[in-house]
Amino acid sequence: MSGTDFDVVIVGAGFAGMYMLHRLRGMGFSARVLEAGDGVGGTWYWNRYPGARCDVESMQYSFQFSDELQQQWNWSERYAPQPEILRYANHVADRFDLRRDITFNTRVTSAAFDEAADRWIIETAGGATLSARFCVMATGCLSAPNKPTIEGLESFRGAVYHTGEWPHEGVDFSGKRVGVIGTGSSAIQSIPIMARQAAQLFVFQRTPNYTVPAHNGPLDPAYQKAVKADYARLRARAKSNPGGIDLSFNDRSALSATPEERRREYEARWAEGGFAFMGAFGDLMFVQEANDTAADFVRGKIREIVKDPAVAEALSPRNVIGCKRLCVDTGYWETFNRPNVTLVDVSDRPIEAITATGVRANGRDYELDAIVFATGFDAMTGALLRIDIRGVHGQALKDKWREGPKSYLGLAMAGFPNLFTITGPGSPSVLTNMLPSIEQHVDWIADCLAYLRRQGLKRVEPSREAEEAWVAHARDVAGISLRATCSSWYVGANIPGKPRVFMPYIGGFPAYVQKCQQVVANGYEGFTVA
Ligand code: NA7
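In short, a report on the structure. Quick caveat: nothing in here was measured; it's all calculated off a predicted structure.

1. Brief notes about the sheet that holds strand 13 (residues 353-354)
Reading across from one edge, 13-14-15 is the order of the 3 strands in this open sheet, with antiparallel pairing throughout. Only two strands of the sheet have a single partner each, and these edge strands are strand 13 and strand 15 (364-367). Where strand 14 (residues 358-361) lies against strand 15, 4 bridges are found, and the strand directions are antiparallel. Looking across to strand 15, one finds that G358 is bridged to E367.

2. Observations concerning the state of the cysteines
In total, this model carries 1 disulfide according to the counting rule given. In this model, C323 is linked to C486 through a disulfide, with the two sulfur atoms separated by 2.3 Å. The S-S bond linking C323 to C486 shows a torsion near -115 degrees; that makes this disulfide left-handed. Of this pair, C323 sits in the loop between helix 10 (309-315) and strand 11 (327-329) while C486 sits in the loop between helix 15 (464-480) and helix 16 (509-521), and the two are 163 residues apart along the sequence. Residue C323 is classed as buried on the basis of its relative accessible area, which comes to 0%. On the accessibility criterion, C486 (11% relative accessible area) is buried. The thiol of C54 is unpaired, and the distance to the nearest cysteine sulfur, on C327, comes to 13 Å. Its sulfur unpaired, C448 is 11 Å from the next cysteine sulfur, which belongs to C516.

3. Details of the packing of aromatic side chains
A full pass over the atoms with the stated rule returns 37 aromatic pairs. With a centroid separation of 5.2 Å and an interplanar angle of 70 degrees, the aromatic rings of W73 and Y88 are classed as edge-to-face. A residue pair is termed long-range when its members are at least 10 positions apart, and W73 in the loop between helix 3 (67-72) and helix 4 (82-95) and Y88 in helix 4 qualify at 15 residues. For the pair shown, W73 and Y88 are each scored as buried. Note on W489 and Y490: the rings are 4.5 Å apart at their centroids and 50 degrees apart in plane angle, and the pair reads as tilted. We classify W489 as partly exposed; its relative accessible area is 23%.

4. A few points about unusual backbone geometry
Even without glycine at this site, M380 takes up a positive phi of about 70 degrees. Within the element layout of this structure, M380 appears in the loop between strand 16 (370-373) and helix 12 (382-385). According to the relative accessible area criterion, M380 is buried, its value standing at 2%. Positive phi values are uncommon outside glycine, yet Y524 reaches one of about 60 degrees.

5. Notes on the sheet that holds strand 12 (residues 341-345)
Strand order in the open sheet formed by 5 strands is 7-16-8-9-12, and the pairing between neighbours is parallel. Sheet topology places strand 7 (159-162) and strand 12 at the edges, where each strand pairs with a single neighbour. Taking the axes of each pair of neighbouring strands and ignoring which way they run, one obtains an average angle of 20 degrees across the sheet. Strand direction decides the pairing type here: strand 7 and strand 16, joined by 4 bridges, are parallel. Across the sheet, the residue bridging to V160 is I371, located in strand 16. Along the sheet, helix 5 (residues 185-197) makes contact with strand 8 (177-181), strand 9 (200-205), strand 12 and strand 16, crossing strand 9 at roughly 160 degrees.

6. A short note on the packing of helix 8 (residues 259-272) against helix 9 (residues 288-305)
For any two helices packed against each other, one specifies the inter-axial angle together with the distance between the axes. The interhelical angle for the contact between helix 8 and helix 9, taken along N-to-C directions, is 60 degrees, at an axis separation of 11 Å. Classed by the angle they form, the pair helix 8 and helix 9 counts as oblique. As for how helix 8 packs across helix 9, the hand of that crossing is right-handed. Two secondary-structure elements touch here, helix 8 through R262, R263, Y266, E267 and W270 and helix 9 through A290, T293, A294, F297, V298, K301 and I305.

7. A word on the pattern of salt bridges
Under the definition given, this model contains 30 salt bridges. R23 is paired through a salt bridge with D443; the nearest N and O atoms lie 2.7 Å apart. Separated by 420 residues along the polypeptide, R23 in helix 1 (residues 15-26) and D443 in helix 14 (residues 434-455) bring together distant segments of the chain. Each of the salt bridges in this network shares a partner with another, and the network as a whole consists of R25, D97, R100 and D101.

8. Quick notes on the nonpolar core
Proteins that are soluble and globular tend to have nonpolar side chains buried together. Counting 137 residues, the largest nonpolar core has I10, F15, F173, F277, F420 and W444 as the members making the most contacts within it. Counting contributing residues, this core receives three or more from each of domain 1 (5-144 + 378-529) and domain 2 (145-209 + 324-376). The residues touching W444, leaving out its near neighbours within four places in the chain, are L411, F420, C516, V519, V520, Y524 and F527. Counting residues in each nonpolar core, the second largest holds 22 residues, with V9, A111, I122 and L384 among its members.

9. Some points on the side chain of T432
Among the structural elements, T432 can be located in the loop between strand 18 (419-421) and helix 14. Apart from residues no more than four positions distant in its own chain, T432 is found in contact with P242, G243, S437 and F509.

10. A word on helix 6 (residues 221-229)
If you check which residues of helix 6 are buried, you get Q224, V227 and K228. Seen end-on, helix 6 carries its buried residues on one side only, within an arc spanning 95 degrees. Helix 6 presents K225 and A229 as exposed residues on the side facing more than 90 degrees away from its buried surface. Looking at the packing, one finds that the buried side of helix 6 touches helix 3 and helix 7 (231-239). You can read the cap of helix 6 off the contacts: a side-chain oxygen lies 3.0 Å from the backbone nitrogen of A222, and it is on D220.

So, how was this worked out
- Residues numbered from 1 in each chain as written.
- Predicted model: local features only at pLDDT ≥ 70, side-chain atom pairs only at ≥ 80, totals over all residues.
- Heavy atoms only, no water.
- Pairing = 2+ DSSP bridges.
- Helix = DSSP H or I, 4+ residues; strand = E, 2+ residues; numbered from the N terminus.
- Disulfide = S-S within 2.5 Å.
- Buried < 20%, exposed > 50% of the residue type's maximum accessible area, 1.4 Å probe, protein only.
- Phe/Tyr/Trp six-rings, centres within 6.5 Å; stacked < 30°, edge-to-face > 60°.
- Axes fitted to C-alpha atoms, helices over the stretch in contact; angles between N-to-C directions.
- Contact = heavy atoms within 4.5 Å.
- Parallel < 35°, antiparallel > 145°, perpendicular 65-115°, else oblique.
- Left-handed = near helix turned anticlockwise from the far one by under 90°.
- Salt bridge = Lys/Arg side-chain N within 4 Å of Asp/Glu carboxyl O.
- Core = buried A, V, L, I, M, F, W, Y, C linked by side-chain atoms within 4.5 Å.
- Domains from an automatic or database assignment.
- Arc of directions from axis to C-beta.
- Polar contact = N/O pair within 3.5 Å; in protein donor to acceptor, adjacent residues only side chain to side chain.

The structure is reproduced here in structure tokens:
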């Protein structure tokens, strides 16, 4: 690393950090990216578990800031697999010559605001200290793995993995007895593949989850060509939808449709595959009875597919569909028909212990050679709070966020001048297609820094009033949706002791973008600049 003083230090070299660097460089700012891994790609660098794949279609889960890039890159499948997305991230890094300003294998441990100098002092695990006028946290929403403490884990003599920290060389489960803990998206993607390899697979399920088929396959070249002929149109349609994804939405109420009309609509969307399922009716996420009709349909599918009625029953979720993040799978339910797969329901009694030879649950010992923790992440706040971030008067972010994250627009925090978060809590982030959300945040931050430079200003910080108003608004909007009603990682329920606050902004991408634009049009309304 040459030099230690920068205009901007960016933490993280995932898609957010990479694009932030590209923008800042283009504007003549000096910037340095610090990245814990030894390569770019963030989420797609770490999550190398079998079957890892993006649930947003590949033609949409990609950068749009460079038309050349989106024209020249070719995706191979409808939903891109992790290795291909990682190749794409590396291609972006090479194409825009990003690596020379990225320091790899460098984990940031602290960031403290020096009030006298209006600069951030950033320290790394390796003992380096950097200073920067601005600090941008591009640390990701799902990047701090959740590793539950289960008694006896250290005594286990077999191999232990976490889906979010998968070995780069891969894992061969051939002939092995494998236990998977968790049935979230990572588990649902990896279980069908691990089941084909392992001698025996035991799935420890605390809460059954909804998943719909992906119907993945090779990307139709004609479709790819048609999109590229007018990519802007697809991008614009996507951005006009709440999730920033081009999906077909049906505004009609599920309750105004006849049972036969509903069945037809759900069948069509089940056949189409993916998130479009939740666009079947306009009120699915707002009216419990409407949601029940979609949930019943999926439970019916589980009963049709899974041959053992007791297993089908245990796999059937009872909660609101779409409340936890809907999963998209390839052969998940079918996997439970395999003779080498056993569902272990730990919903009534948590896993009792991990022993030297396996997992003890429901009074029984399951002998295992390997345990896979598919137990998710300390979402949205975890990666930020694992860094000791201190603002004015030495206030720690973890103290400010003791009762849940507070920010203005998920972009900046009162008391933490010149610090930005990309897709931070309080922004649409994980409820949207991350790539356009990342681009929108990066562009907003870049414009803000350009504005400050033009005005000869050194400091920007949201006011407490603006922050409080945004937090209150985000909470009110969340209350309208059924999404805030269950124990999901959106509300921090998966982490013991984490405050229960609905963290992402649920008002939708278009409304959020409009608000961000209005803030700028009104001279950075809600921010104090100096
Ligand atoms: P998730 O969706 O948080 O899933 C984690 C799973 O692990 C979930 O089924 C949890 O059950 C389960 N879990 C967590 N802790 C335990 C313990 N202690 N015992 C048993 N089971 C446990 O993480 P993913 O990695 O699958 O997906 C995260 C996001 O990445 C996903 O939503 C997409 O946006 C991409 P629970 O439901 O909490 O009862």
